[in-house]
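Residues per chain, in single letters:
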Amino acid sequence: MERVEDLLARCAAKGIPVAPVTDAAVHAGTAALRHGAQVDPVEAREVTVAAVIAGADGEVRVLQVPRLRRWARPHRGADEWRTPLPPYGMRVAKLARAVRRALGDADLDLRWADDGRTCRLVEVVRA
């Protein structure tokens, strides 16, 4: 079994932004990438100081992010209403596509952090 550090190093070598856990993020969460799946369930929560003070830091939002093909745009969710994805959801979809390109189509669990401009990989583990 590959170590987490080895998987992160392979992603970084492919140009995927990798962030330390202490990175200043606005949103953070997890994504479950599964072999052959057309939809990636993504859990996200706001991690700003204002959210912590307001008590909203524990609220988890679940997004159904479609698996992106080579030239696909990540603008709509995979739910039955095709709800528009929030900007961080679009960036998570692009990150998932990049991780799949770097590591192959496998069962992976990602931890990510988004600072409002860039979605960075915090951790990747084979599921």
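Provided above is the structure to which this section pertains.
Residues numbered from 1 in each chain as written. Predicted model: local features only at pLDDT ≥ 70, side-chain atom pairs only at ≥ 80, totals over all residues. Heavy atoms only, no water.

Engineer: Sorry if this is basic, but what is going on with the sheet that holds strand S1 (residues 27-33) here?
Structural biologist: Think of a sheet as strands paired side by side through backbone hydrogen bonds, with each pair either parallel or antiparallel. Strand order across the open sheet formed by five strands is S3-S2-S1-S4-S5, with antiparallel pairing between neighbours. Pairing within the sheet leaves two strands with one partner each, and these edge strands are strand S3 (61-66) and strand S5 (119-126). The average undirected angle you get between the axes of adjacent strands in this sheet is 25°. Of the strand pairs in this sheet, strand S4 (residues 108-114) and S5 are connected by seven bridges, and their pairing is antiparallel. (Pairing = 2+ DSSP bridges. Helix = DSSP H or I, 4+ residues; strand = E, 2+ residues; numbered from the N terminus. Axes fitted to C-alpha atoms, helices over the stretch in contact; angles between N-to-C directions.)

Engineer: Before we go on, may I ask you to explain the pattern of salt bridges in this structure?
Structural biologist: Working definition: two side chains of opposite charge can pair if their charged atoms are close together. Within this structure, the stated rule accounts for seven salt bridges. The closest approach of N and O atoms between aspartate 105 and arginine 67, which form a salt bridge, is 3.4 Å. On the criterion of sequence distance, the pair formed by aspartate 105 in the loop between helix H3 (87-103) and S4 and arginine 67 in the loop between S3 and H3 is long-range, its members being 38 residues apart. Close ionic contact of glutamate 123 with arginine 111 constitutes a salt bridge, the shortest N to O distance being 3.4 Å. (Salt bridge = Lys/Arg side-chain N within 4 Å of Asp/Glu carboxyl O.)

Engineer: Please explain the packing of aromatic side chains as it appears in this structure.
Structural biologist: Two aromatic rings, taken as a pair, are described by how far apart their centres are and by the angle between their planes. Summed over all chains, the structure comprises one aromatic pair. Here the aromatic rings of tyrosine 88 and tryptophan 112 are separated by 6.2 Å at their centres, their planes lie at 20°, and the arrangement is stacked. Of the two residues, tyrosine 88 sits in helix H3 while tryptophan 112 sits in strand S4, which places them 24 residues apart along the sequence. The pair tyrosine 88 / tryptophan 112 is uniform in exposure class, with both members buried. (Phe/Tyr/Trp six-rings, centres within 6.5 Å; stacked < 30°, edge-to-face > 60°. Buried < 20%, exposed > 50% of the residue type's maximum accessible area, 1.4 Å probe, protein only.)

Engineer: Can you help me understand the pairing of S4 in this one?
Structural biologist: Side chains on a regular strand alternate between the two faces of the sheet. The element S4 is largely enclosed, with a buried count of five among its seven residues. Strand direction decides the pairing type here: S1 and S4, joined by seven bridges, are antiparallel. Among the inter-strand pairings, histidine 27 is bridged to a residue of S4, identified as aspartate 114.

Engineer: Please clarify how the side chain of aspartate 40 should be interpreted in this entry.
Structural biologist: Relative to the assigned elements, aspartate 40 resides in strand S2 (residues 39-46). Aspartate 40 has contacts with Ala32, Leu33, Arg34, Leu63, Gln64, Val65, Arg67, Ala96 and Arg100, leaving out every residue within four places of it along the chain. (Contact = heavy atoms within 4.5 Å.)

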